[in-house]
Amino acid sequence: LGASCDWERERFTMDEGLSRAVREVFVRLFDEGLIYRGEYIINWCPRCQTALSDEEVSYETHEGFLYYIRYPLKGIDDTLVIATTRPETMLGDTGVAVNPDDPRYKEYIGKTVVLPLAEREIPVIADRYVDREFGTGALKVTPAHDPNDFEIGERHNLERISVFSEEARINENGPPEYAGMDRYECREVLIEDLKERGLFVKQEPYTHDVGHCYRCHTTVEPYLSEQWFVHMEPLAEPAIQAVREGRIRFIPDRWEKVYMNWMTGIRDWCISRQIWWGHRIPVYYCRECGETFASVDEPSSCRTCGSSRIYQDEDVLDTWFSSQLWPFSTLGWVGEESRSDSSSKSLCDLPESSRERLDDSSRKSLRDLPESRRELPDLGYFYPTSVLVTDPGILFFWVARMIMSGLRFMHDIPFSNVYIHGVVMDEKGRKMSKSLGNGIDPLEVVEKYGADALRYTIVNITPLGQNLLLSMNKFETGARFANKIWNASRYILMNVGAAGTKALDEEKLDTADRWIITRYEQTVLQMNRYLEEFKLMEASSLIYEFFWHEFCDWYIEISKVRLYGGDEGERAHTACMLLTILEGSLRLLHPIMPFITEEIWQLLPWQLLPRQLLSWRKLSPRSENGPRPLSIMVSDYPEYEEGPVSDTSVERIDLLKEMVYNIRNIRGELNVPQELKARVLVKTTSGAVKALIEEQREVILFLARLEAVEYGPDVSKPSGSAAAVGNGYELYLPLKGLIDVEKEKTRLSKELDRLDSEITRSAAKLDNRDFLDKAPDEVVRRERERIDAHRMARERVVNILDSLQ
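Residues numbered from 1 in each chain as written. Predicted model: local features only at pLDDT ≥ 70, side-chain atom pairs only at ≥ 80, totals over all residues. Heavy atoms only, no water.

J.: Would you mind going over the packing of helix α4 (residues 233-244) against helix α5 (residues 254-264) with me for this structure?
T.: Their axes nearest at 10 Å, the elements α4 and α5 cross at an angle of 155°. Comparing the axis directions of α4 and α5 gives the class roughly antiparallel. Two packed elements cross with a definite hand, and for α4 against α5 that hand is left-handed. Facing α4, whose interface residues are Ala-236, Ala-239, Ile-240, Val-243 and Arg-244, α5 presents Glu-256, Tyr-259, Met-260, Met-263 and Thr-264. Classifying every residue of the contact of α4 with α5 by side-chain character gives seven nonpolar, one polar and two charged. (Axes fitted to C-alpha atoms, helices over the stretch in contact; angles between N-to-C directions. Helix = DSSP H or I, 4+ residues; strand = E, 2+ residues; numbered from the N terminus. Parallel < 35°, antiparallel > 145°, perpendicular 65-115°, else oblique. Left-handed = near helix turned anticlockwise from the far one by under 90°. Contact = heavy atoms within 4.5 Å. Nonpolar A, V, L, I, M, F, W, Y, C, P; charged D, E, K, R; others polar.)

J.: Would you take a moment to explain the sheet that holds strand β12 (residues 269-270) for this structure?
T.: The strands making up a sheet associate through backbone hydrogen bonding, with each pair oriented either parallel or antiparallel. Judged by pairing direction, the sheet is antiparallel, and its four strands sit side by side in the order β2-β1-β10-β12 without closing on themselves. Pairing within the sheet leaves two strands with one partner each, and these edge strands are β2 (50-52) and β12. In this fold helix α2 (residues 147-156) packs onto β1 (35-45) and β10 (221-230), with an angle of close to 140° to the strand it touches most, β1. (Pairing = 2+ DSSP bridges.)

J.: Quick question: what am I supposed to make of the nonpolar core here?
T.: For soluble globular proteins, the rule of thumb is that nonpolar side chains tend to be buried together. Ranked by internal contacts, the top residues of the largest apolar core, which has 89 residues, are Phe-551 and Leu-670. The greatest single-element share of this core, amounting to 13 residues, is contributed by helix α18 (residues 536-563). Counting 58 residues, the second largest nonpolar core, distinct from the first, contains Val-22, Leu-34, Ala-294 and Leu-379. (Core = buried A, V, L, I, M, F, W, Y, C linked by side-chain atoms within 4.5 Å. Buried < 20%, exposed > 50% of the residue type's maximum accessible area, 1.4 Å probe, protein only.)

J.: Can you help me understand the pattern of salt bridges in this one?
T.: When the charged atoms of two side chains with opposite charge come close together, those side chains can pair. A full pass over the atoms with the stated rule returns 48 salt bridges. The closest approach of N and O atoms between Lys-140 and Asp-93, which form a salt bridge, is 2.9 Å. Here the residue Lys-140 occupies a position in strand β8 (residues 138-141), and Asp-93 occupies one in the loop between β4 (79-84) and β5 (95-98), the gap between them amounting to 47 residues. A relative accessible area of 4% means that Lys-140 is categorised as buried. Using a relative accessible area of 0% as the deciding quantity, one classes Asp-93 as buried. In this structure, the salt-bridge partner of Arg-562 is Asp-513, at a minimum N-O distance of 2.7 Å. Of this pair, Arg-562 sits in helix α18 while Asp-513 sits in helix α17 (residues 511-532), placing them 49 residues apart in sequence. Look at Arg-562 and you get buried, because its relative accessible area is 15%. Here Asp-513 falls in the buried class, since its relative accessible area comes to 0%. (Salt bridge = Lys/Arg side-chain N within 4 Å of Asp/Glu carboxyl O.)

J.: Looking at this structure, how should I read α4?
T.: An α-helical segment advances 3.6 residues per turn. Residues three or four places apart therefore align on the same side. For α4, spanning twelve residues, the distance from its first C-alpha to its last is 16 Å, which sits close to the expected 16 Å at 1.5 Å a residue. Residues of α4 that are buried include every one of Leu-235, Ala-236, Ala-239, Ile-240, Ala-242 and Val-243, and no others. Buried residues of α4, viewed axially, fall in a sector of 155°; they line one side. Projecting away from the buried face of α4 at angles above 90 degrees are the exposed residues Glu-233 and Arg-244. The secondary structure elements touched by the buried residues of α4 are α1 (16-31), β10, β11 (249-251), α5 and α13 (395-409). Positive backbone phi, at 85°, marks Gly-246, one or two positions downstream of α4. (Expected span 1.5 Å × (residues − 1). Arc of directions from axis to C-beta.)

J.: Just checking my understanding: could you explain the packing of aromatic side chains for this structure?
T.: Two measures describe an aromatic ring pair: the distance that separates the ring centres and the angle between the ring planes. Applying the stated criterion to the full structure yields 32 aromatic pairs. Pairing Tyr-40 with Phe-229 gives two aromatic rings, centres 5.9 Å apart and planes at 85°, and the pair type is edge-to-face. Residue Tyr-40 is found in strand β1, and its partner Phe-229 is found in strand β10; the two are separated by 189 residues along the sequence. Phe-229 sits in the buried class, given a relative accessible area of 3%. Judged by centre distance (5.2 Å) and plane angle (85°), the ring pair of Phe-328 and Trp-333 falls under edge-to-face. Like Trp-333, Phe-328 is buried. (Phe/Tyr/Trp six-rings, centres within 6.5 Å; stacked < 30°, edge-to-face > 60°.)

J.: Help me out: how do you make sense of the sheet that holds strand β27 (residues 729-734) in this one?
T.: Across the sheet, four strands lie side by side as β25-β24-β27-β26; this open sheet has mixed pairing. Single-partner strands in this sheet number two, and they are β25 (706-712) and β26 (721-726). On average, adjacent strands in this sheet sit at an angle of 20° to one another, irrespective of strand direction. Where β26 and β27 come together, six bridges link them in antiparallel fashion. Of the residues in β27, the one forming a bridge with Ala-722 is Leu-733. Across the sheet, helix α21 (residues 649-669) is in contact with β24 (678-683), β25, β26 and β27; its angle to β27 comes to roughly 35°.

What follows is the structure, encoded as structure tokens:
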């Protein structure tokens, strides 16, 4: 695919240098009181047997039920009816909460209910968290099995009773008759028991989002457990400020709001995992004195009492804990205070060639760095970097945490731009997966169409930050463009001949030369703007339009008049122009299509390229006397250079293109054979039209396949002619001897009837509400494009028929 990886800097999460950086960060946060161990509701996967962070839980819409259950009030012949989606957790209830402003329940606040089945007395409490509109307005409170209930329990000092085991089965804290039951099995039995006691009211369908493990898709269980946490608010504040101040920007900018919403409401991060692979938590416990301490290096004894009877925590860290350090841990950072001169070399583990690669200016920039960072050239040179390219799914997993850790430990942002791309999906808008069999293997695309075709197509059809609906046939777009680039380049290389090596003579620049220079410069200007704004789709379309439709379709065709003429100087001048615009276009294209542009660039006859295009525009690939770069990828990207190019060239060539297009359109619509040359009459009083025809007569004859062109204010339309109206002129093409006019009128009338039928059919579809509601967006879009194309074709046929009457 053309990813330019530097394998001298290969890194793995468990490398010693990276592992030490992880321990260093943990110990610092631990010693500062930002890492703590506490009992809290975590996301627990009963299958994977590990805790999950909030970001590792994927929510899926679930069609379930809302169950209504009676809780008898103690000493009163009455009940409170609660509604819940998880009746099995009621075995761990330690309270019933109502909103203090709810008039239905004010008299019950402070009273006691008897928990059904468990026969445990629990209080009725008032808490504003309760939604009066949900269910009955009375909420069962299970502090050990729901994070919101946990918070309510904290406020009201409720007992925490966990009734599930790690396998999500009823444990010894539940009634004996349910012991060992799976949570869902228990639900069924429990409901039947409630019905027998007359305490079950009803159940009704209820749609809600249910959390699942992102690894195995098992339903996650909120679980009361002792885990390691990071206190996030102090880390989040500088990261929020960096975005507010514009030091970090998100592209597209809508993701900034998503980031800020999460950061401003951030919760503490559960970082311990009960799995067998990862960075083990560097916390040690003493069996003698009970001391708990953290250490970067493995200790041999307790730092308090000196006992050797110590052991390490068995949990490992969430993999994102190490990933958040990636921007600097990969470059040799292991903690400035803990690193000595001797350790920095071994832990940084950078090849000598990497150090030598820094030029003098780069080394000078290191002088402003702290002493500890000057020892690590890569860290000083590459941190912070400029752009992070990522998927929206890991905005919180990774991006936000890299920003927080970078600011905390490097005292600087890790990157200034976060470019968030969309997701590649199939034509139906489904994620590609093995189970659905709807994936596209990139290697198969490369084999069939080429890597450049893959790259160009993906960039060209994907709007900024949006998901991409992809099918194999869409890569034809990139393949056709690559083929066009290759064929145009081969044509130019075959015709460069004896082009001179000096600067082009500005006096020899004709209108077409000045036009293509102007359009090239405008393309360079806009390409740079698009790339700076990360508008890659627009950039790819722009260079496509310039190279194919302006350079190839028009300038190369126009240049053939001089290239195949008898004047050697004209031929050399034209070949040199072609070669120069081609070379600049290759550099514009290179970031999108690196392989074909490198291949062609290496084949260019550099001894024939001018040192400068014009007196005011120096070429980037080489200096006046220096050699060209070894590769296009290390040559300068073209930059806009404003100069004295004619302001009228664009307007004059636009007029030429319009005139040629009108003639070609008439010939095409009327099936005039290509080998037959026609005569054209142009009625005009416009000085610009007259001047253009005089200057570009040979070009017009060549491009429109004409034998003669006549013009003037007194030109009249001959009988049996087709006509077209342009900007400041009327154009007549006599058809006698070229076609059978009556036969063509009959054919065009039939074509008009066919187009009317197609337009009527498409209009009926688009007026049908069922079609618009049920058909995929892509199908509706194609139908709209079809009717627009038919209407345009109909207008052309009507114009031709009118001109033949």
